[in-house]
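Overview (structure and organization)
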Amino acid sequence: MLPTPANLRRCARALQSATTNAVEIARSGGLATGEQPNPFTVVRRTPMFRLRRYFPGECSGPAVLLIPPLMMSTEVYDVSPATSAVGILAAHGVDPWVVDFGAPEREEGGLGRNVADHIVAVSEAVDLVRNHTGTDVHLAGYSQGGMFAYQAAAYRRSVGLVSVITFGAPVDWRATRASRAFGPFNEDMVVDVMSVVADRVLVHLTVPAWANRLGFRLLDPVKSVRTRLAFLRQLHDRDALLPRERQRQFLDHTGYVAYPGPAIAELVKQFVAQNRMLAGGIAVGDVLASLADITCPVLAFVGTVDTIAPPAAVRAIARAAPAAASYECRLATGHFGLVVGGGASTHTWPTVAAWANRENAALPAGVLPMEDTEAEPARLPGPIGIGLEGGATAISAVRASAGALLDGARSIGSVGLDAVRSMPNLSRLELLRSQTRVSLGSVLSERARRNPADVFFVFAGRGHTYAAANARVDAVVSALLTVGVRQGEHVGVLMRTRPSALSAVAALNRIGATVALLRPDGPSAREAELAAITRVVADAEHAQAAARLGVPVLVLGSSTAGGTLPPGAVDLETLAAGPQPAWYQPNPGTAAETAFLLFAGQGDTTRITPVSNGRWALSAFGTASAARLRPTDTVYSITPLHHPSGLLTGVGGSLAGGARLAMAVDRDPSTFWAEVRRYGVTVVSYTWTLLAELIEAEPTIGERHHPVRLFLGSGMPGWLWQRARDRFPSVAVLEFFAAGSTGVVLVNADGAKIGAKGRPLPGSAPVRLVRYDLAERRIATDARGLAIEAAVGEIGLLVARPTAEAVGDRALRGLFAPGDRWVSTDHLFRRDADGDHWLIGHVSELVTTDGGVAAPSLAEEALGGLDAVASVAAYPAAVPGGAQRLVAAVKLRPGRRLIAAEVDAVTRRLARVDRPAVIRVVADIPLTTWWRADREALRRSDAAAGSGVAGWVRDAAGGYRATPDPVPSVTSG
């Protein structure tokens, strides 16, 4: 059928109109709509932003402060009159304010901005609005602007905020499409690669506006093509195009600005690779924050078909901010449609206005309590060796910015070197030899070179980077060299847990001195004598105590904090750095050399334990490997530096794994979970019964969906371990056993056998379990005089075959064959059929009774398993005639009491000799500085009480009967 003249005329007119419109668009960038942006006043200008107030003088309602995403211009909230967010809010009685970051490429210093700069700027803007209006603020943001809103609210701890409102703001990166793209790859590998790329490449990039625009289109290319085709089909119809023309111009031309490289790098590293929006530990300068610090209500708009911020990623705010009342409003739209377009005009912005105006009224229509989603299962550490062999805008930006990549080519070349330096920690241990140069100081230097801007440790809420920590250590080294400290010298450190203590220990280790870690609450004079120290480094509060040790005193830290310094003390902070001596070489320590001296016991029983650089490295790299410590982890350490757990596991494991170390000075269950969330803690270190109070504490809201994946330490009794698993089922326990200077480290890698110490850590000294004569306190031998291997299930003495340097005078020669050399760990174990070791105790703890030799730990494990028992300690008590008997003291949980039948049931599982002769209930069980039951203090208490110990005594049949006791200890229920 031939076209009619009328049809031809219509086609000609359409072609003419399309041509006219196309020419206008080509010349002017768009069609003239006659629409003007809404009026605003710039209330304040700062180097980071301009604060806009729309419709000044016209709105007196609740203030809403809107934050744009980095890649988009501020006009996203005022695209056109029909879809203008500020216009709709003002029409509904809301006072709209907007933070204008400007176009970074046109702002002085704009391309050097990072995420922290924007968080601080948003917080400053909140204060400006509050000062101007006299009211608190609703803080709102779209996409990354919503992330800024969350982060600023956490940084401020919700001060001055009525609520936080977000539109398509992801909280859990692992729920985004970008994360799923890495699904086939190992998570640790992805994190490492992202971190290196962020540090070496992205930080040098500037992503131009056109690349951001292209990247946004590529996120949904099908929709982008459909939109273009629809526009071309209507190109002839000006009236049909005009209502959406401002929106089209925004998306195609004016809506995008450059993305600063430092901000991209920080986004990728902190919030993509490390997922700190969900895990906590957001670094804002040197301040640590967590979304768990948000306490004001949260309203999150969720696009049900949003591919950039999927619903699961947005709803994770309910887990990240458990103290906030979280609500959601679901819209059947994509990412951009949440704030611009017809749906936003009719639903989003009227709902925001209703929310802001509601005061205490009912929730606006469409607003519902946030769906509570369960946290993903904690990633548990796998067996030793597992894993040891061997968003979207940033991705498109890298592809689009070829020129910037060429500028960063020099940095890319270092990626391969970093990969070599990041070889699995156990592989490094396998290469460790007695003359290998390795030390705490050298590992810190290595980390500072590779990851200078990463947070190394957190103390009192402040984060300290590797670069800052290393520079501080070098400054302390200069001061120590100035006063004459030399390599090999024995120098005491008498300080409480604080950053300056870590600096002192690392500096002395960097010089090559031997560091004697004196206990502030221990017998310092006895320890100083045993260590033969020639001088002592102290903090101001311990300077007077240090002066009584009879050696020169060096004070590090604030000299005013602890009062007047003792006469003759040298304030290291005031010394001018002098020339370095010719002999000085940083980090000269080898694996065989003694690096630290640790102490245990009290009074005459005080004993010294030397720790070599190699022993420190074994614990550090072994801990990092077994616990799979990564830069995404934060290790929370309550134990002080003078405790092996603090020095070897806490500091050592964190350094070796590149994890953060959160140093705490005290354990307080009431603040524990707040600090865990604020610091992003994933691993909690412990020693002995340190976790008992936490396990027994009442649950708190911060405990819900917590980020902790692992308890890491040594000495936890099996009964407490079971309670930890019952209370925190998502948290694994990684238990170590280390035997002094023998080089032995056992590890229960998978935690499947509660109470077991596991098997030797790769790289530790080889071990054997030999039969032991408990009565004679000696190794049992055969007819040839050689040691006998202990059978499965038999108590034996653990012996080790360490390096020749570590054997010294303690060598057991010819133990299994002529000429061999072994050393005793002085610890008794049983070994099961799988080869796992179960600790019985130190040989000095054995109790000789009339019925034979008893091991107190066996009674403790049995009684600790009773639900009524909070803690337990077994110890020897003297009886007439010079013999001993085994006594067990139990502290009961509040409101509980012992049941005779239950006591009888658990004790009858023991050999008769291991059953306590007396069981007594006590108000408290004293602890040593290592959080271990102080058996000696209990024994002295019994001796002071006079004749015998009242309580429950074992009868001839093996059961227990009561004796007069003012506190009933056992009932017959």
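Read on for an overview of the structure. (Residues numbered from 1 in each chain as written. Predicted model: local features only at pLDDT ≥ 70, side-chain atom pairs only at ≥ 80, totals over all residues. Heavy atoms only, no water.)

1. Observations concerning the nonpolar core
- Ranked by size, the top nonpolar core spans 105 residues in total, and within it Leu 65, Tyr 150, Phe 167, Leu 291, Ile 294 and Trp 349 carry the most contacts.
- Counting residues per element, this core draws most heavily on helix α3 (residues 115-133), at 9 residues.
- Sequence-distant contacts of Leu 65, that is, excluding residues within four places in its chain, are made with Leu 51, Trp 97, Val 98, Val 99, Val 122, Ala 125, Val 126, Val 129, Val 137, His 138, Leu 139 and Ala 140. (Core = buried A, V, L, I, M, F, W, Y, C linked by side-chain atoms within 4.5 Å. Buried < 20%, exposed > 50% of the residue type's maximum accessible area, 1.4 Å probe, protein only. Helix = DSSP H or I, 4+ residues; strand = E, 2+ residues; numbered from the N terminus. Contact = heavy atoms within 4.5 Å.)

2. Description of the sheet that holds strand β20 (residues 570-571)
- Pairing within the open sheet is mixed, and its 7 strands lie in the order β20-β19-β18-β16-β17-β21-β22. This sheet does not close on itself; its edge strands, each paired only once, are β20 and β22 (607-612).
- Note: strand β16 (residues 490-494) against strand β18 (residues 535-538), 4 bridges, orientation parallel. Counterpart to Leu 494 in the pairing with β18 is Ala 538.
- Each of β16, β17 (514-517), β18 and β21 (594-600) is contacted by helix α22 (residues 499-511), which is oriented at about 155° to β17, the strand it contacts most.
- Contacts between helix α25 (residues 613-626) and the sheet are confined to β21 and β22, with β22 contributing the most and set at about 75° to the helix. (Pairing = 2+ DSSP bridges. Axes fitted to C-alpha atoms, helices over the stretch in contact; angles between N-to-C directions.)

3. Topic: helix α15 (residues 342-357)
- Taking 1.5 Å of rise per residue, the 16 residues of α15 would be expected to cover 22 Å, and the 22 Å separating its terminal C-alpha atoms lies within 8% of that figure.
- Where α15 is concerned, the buried positions are Ala 344, Ser 345, Thr 348, Trp 349, Thr 351, Val 352, Ala 353, Trp 355 and Ala 356.
- Positive backbone phi, at 50°, marks Glu 359, one or two positions downstream of α15. (Expected span 1.5 Å × (residues − 1).)

4. Description of helix α27 (residues 669-679)
- Residues of α27 that are buried include every one of Phe 672, Trp 673, Val 676, Arg 677, Arg 678 and Tyr 679, and no others.
- Taken from the residues just after α27, Gly 680 is the one with a positive phi, measuring 70°.

5. Overview of the sheet that holds strand β6 (residues 161-167)
- Spatially, β1-β2-β4-β3-β5-β6-β11-β12-β13 is the arrangement adopted by the 9 strands of the open sheet, whose pairing is mixed. Strand pairing shows two members of the sheet lacking a second neighbour, β1 (40-45) and β13 (367-369), which therefore form its edges. Each strand axis lies, on average, 25° off the axis of its neighbour in the sheet, ignoring direction.
- Alignment of strand β5 (residues 137-142) against β6, held across 6 bridges, turns out to be parallel. By the bridge assignment, Val 137 is partnered in β6 with Leu 161.
- α3 contacts β1, β2 (50-54), β3 (63-67), β4 (95-100), β5 and β6 of the sheet and is inclined by roughly 155° relative to β3.
- Across the sheet, helix α4 (residues 144-156) is in contact with β3, β5, β6 and β11 (298-303); its angle to β5 comes to roughly 145°.

6. Section: the packing of α25 against helix α26 (residues 644-657)
- Where α25 contacts α26, the axes come no closer than 7 Å and their chain directions differ by 65°. Like other packed secondary-structure pairs, α25 and α26 cross with a definite hand, here right-handed. Facing Arg 615, Trp 616, Ser 619, Ala 620, Phe 621, Thr 623 and Ala 624 of α25, the residues of α26 in contact are Leu 647, Leu 648, Thr 649, Gly 652, Gly 653, Leu 655, Ala 656 and Gly 657.
- Taken together, the residues of the contact of α25 with α26 break down into 8 nonpolar, 6 polar and 1 charged. (Left-handed = near helix turned anticlockwise from the far one by under 90°. Nonpolar A, V, L, I, M, F, W, Y, C, P; charged D, E, K, R; others polar.)

7. Quick look at the side chain of Asp 836
- Of note, Asp 836 is situated in the loop between β34 (821-831) and β35 (837-842).
- Separated by 2.7 Å, the side chains of Asp 836 and Lys 753 make a polar contact.
- There is a polar contact of 3.0 Å between the side chain of Asp 836 and the side chain of Arg 759.
- Dropping the residues within four chain positions of it, Asp 836 is found in contact with Lys 753, Gly 758, Arg 759, Arg 830 and Arg 831. (Polar contact = N/O pair within 3.5 Å; in protein donor to acceptor, adjacent residues only side chain to side chain.)

8. Things to note about the packing of helix α20 (residues 440-450) against α26
- Closest axis-to-axis distance for the α20/α26 pair is 9 Å, and the angle between their directions is 30°. It follows from the interaxial angle that α20 and α26 lie roughly parallel. Considering how the two elements wind past one another, α20 and α26 form a crossing that is left-handed. Side by side, α20 and α26 meet where Leu 440, Val 443, Leu 444 and Arg 447 of the first sit next to Leu 647, Val 651, Leu 655, Ala 656 and Gly 657 of the second.
- Tallied by class, the residues present in the contact of α20 with α26 amount to 7 nonpolar, 1 polar and 1 charged. (Parallel < 35°, antiparallel > 145°, perpendicular 65-115°, else oblique.)

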